[in-house]
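Survey of secondary and tertiary structure
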Amino acid sequence: MSVLVLVLSVSAACCLGFGFVLQQRAAAHAPLSDFLSPRLLLDLIRVPVWLGGIGLMVVGMVLGAVALSGGELSLVEPLLATNLLFAMALSRHLSGQPLGRQGWAGLALLAGGVTAFIVAGEPKGGDAVTDPLRHWLIIGIMVGLALLLTALAKRSRLSAAPVLLALAAGLLYGVQDALTRVSGQRFSAGGWSGLVTGWQPYGVLLLGVTGLVLVQSAFETAPLRMSLPALTAAQPLAGIACGVGFLGDRLRTDAPALAWQAAGLAAIVAGIVLLGLHPAMPRGSADTERTRDLQPR
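Below, the structure is looked at part by part. (Residues numbered from 1 in each chain as written. Predicted model: local features only at pLDDT ≥ 70, side-chain atom pairs only at ≥ 80, totals over all residues. Heavy atoms only, no water.)

Turning our attention to the layout of surface pockets. Of the volumes computed, that of the largest pocket is approximately 500 Å³. Taken together, 23 residues line the largest pocket, and the ones lying closest to its centre are Met57, Met61, Gln176, Val204 and Gly208. Going through the elements one at a time, α1 (3–27), α3 (48–70), α8 (161–196) and α9 (200–221) are the ones with two or more residues in the lining of the largest pocket. Top element by residues in the lining of the largest pocket is α3. It accounts for 9 residues. (1 Å grid on protein atoms, 1.4 Å probe; cavity = no way out; pocket = protein on both sides within 12 Å on 5 of 7 lines; lining within 4 Å. Points joined across faces, edges and corners; volume = space filled by probe spheres on them. Helix = DSSP H or I, 4+ residues; strand = E, 2+ residues; numbered from the N terminus.)

Quick look at the structure:
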């Protein structure tokens, strides 16, 4: 594993984690009437804290894109999932809440799971699949699932909506990471002309904006611990599926390696859930309003 890819991926995770916390703190005060509407972004763009969070997220995405240009998606995605460690650190600092057993267990599971998956899988690059049908099949499944989750979230509104929206956004971001890698390859091979003549960079932009609306709607309506675990878990799983499915990423497939990879992914998801449910994670506007309504007048 390249040290540069490791440093870039962890730096990207740091920026993403800090950015998510700042975005959620701003989105928590947005009107609930903006739920799943692009108008939500127009309201938030006037909030300095949110702009700072978006700035950090953009920096994280750029660093992640550079990491993807030098490393396999199946390697970079688990490292990007550690953004929750940095989100937890900032949330703990802002709330003054101690980590406790739950926090330390979540940290150990997430860090240990990422290490186990990478060491056992030994991700390597290979020849990308040239069959366009396979590309569109995998991308279509991911986007279709995201659309289904969004439709279910719109019907359920404030009950299960934050988790469903975060899962949908995570799937879109995983596909976005795959298209970012393809865009980088097109740029390396043909420069700007090779980049702008392909559909992939426009897909990256469309998925990014759509995912942003979904994420901010999830952040707006519930505590960060309701949405960030689902987002952080879905993105690497979708990215790894794209990497192995059509980008040519190769993982070890002998029985012991597969067992450790499965255990590593399970530990990553368990750690994400434990950290995401930690009481240090800030609340959303709907939760704040419910608390305010229960207070004596």
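This part takes up α8. Given 3.6 residues per helical turn, the α-helix brings residues three or four places apart onto the same face. Helix length check: α8 (36 residues) gives 36 Å between terminal C-alpha atoms against 52 Å at 1.5 Å per residue, more than 12% under. At Gly190, α8 is bent by approximately 135 degrees, the largest bend along its length. (Expected span 1.5 Å × (residues − 1). Bend = angle between axes of the 7 residues up to and from the residue.)

Looking now at the pattern of salt bridges. The tally for this structure, following the rule as stated, stands at 5 salt bridges. A salt bridge links Arg46 to Asp43, with the shortest nitrogen-to-oxygen separation between them at 3.0 Å. Across the salt bridge formed by Lys124 and Glu122, the nearest N and O atoms sit 3.3 Å from each other. With relative accessibility at 36%, the residue Glu122 sits in the partly exposed group. Sharing partners across several salt bridges, the network here consists of Glu122, Lys124, Arg252 and Asp254. (Salt bridge = Lys/Arg side-chain N within 4 Å of Asp/Glu carboxyl O. Buried < 20%, exposed > 50% of the residue type's maximum accessible area, 1.4 Å probe, protein only.)

Taking 1.5 Å as the rise per residue, helix α7 (residues 132–156) with 25 residues should run 36 Å; its terminal C-alpha atoms sit 36 Å apart, in good agreement. When we look at burial in α7, the residues that qualify are Ile138, Ile139, Met142, Ala146, Leu149, Thr150 and Ala153. In this structure, the buried side of α7 is in contact with α8, α9 and α10 (224–246). (Contact = heavy atoms within 4.5 Å.)

We now examine the packing of aromatic side chains. Within this structure, the stated rule accounts for 4 aromatic pairs. Relative to Phe86, the ring of Phe18 has its centre 6.3 Å away and its plane inclined at 90 degrees; by these criteria the two rings are edge-to-face. In this pair, Phe18 sits in helix α1 while Phe86 sits in helix α5 (residues 83–95), placing the two residues 68 residues apart along the sequence. Relative accessible area serves as the criterion here: at 28%, Phe18 is assigned to the partly exposed category. Where Phe20 meets Phe219, the ring centres are 6.1 Å apart and the plane angle is 75 degrees; that geometry is what we call edge-to-face. Note that Phe20 is positioned in helix α1 and Phe219 in helix α9, a separation of 199 residues in sequence. Exposure class is identical for Phe20 and Phe219. Each is buried. (Phe/Tyr/Trp six-rings, centres within 6.5 Å; stacked < 30°, edge-to-face > 60°.)

The N-to-C vectors of helix α4 (residues 73–80) and α10 enclose an angle of 175 degrees; their axes lie 8 Å apart at closest approach. With respect to each other, α4 and α10 are oriented roughly antiparallel. Where α4 approaches α10, its residues Leu73, Ser74, Glu77 and Pro78 are matched on the opposing element by Gln235, Pro236, Gly239, Ile240, Cys242, Gly243 and Val244. In the contact of α4 with α10, the residues fall into 6 nonpolar, 4 polar and 1 charged. (Axes fitted to C-alpha atoms, helices over the stretch in contact; angles between N-to-C directions. Parallel < 35°, antiparallel > 145°, perpendicular 65-115°, else oblique. Nonpolar A, V, L, I, M, F, W, Y, C, P; charged D, E, K, R; others polar.)

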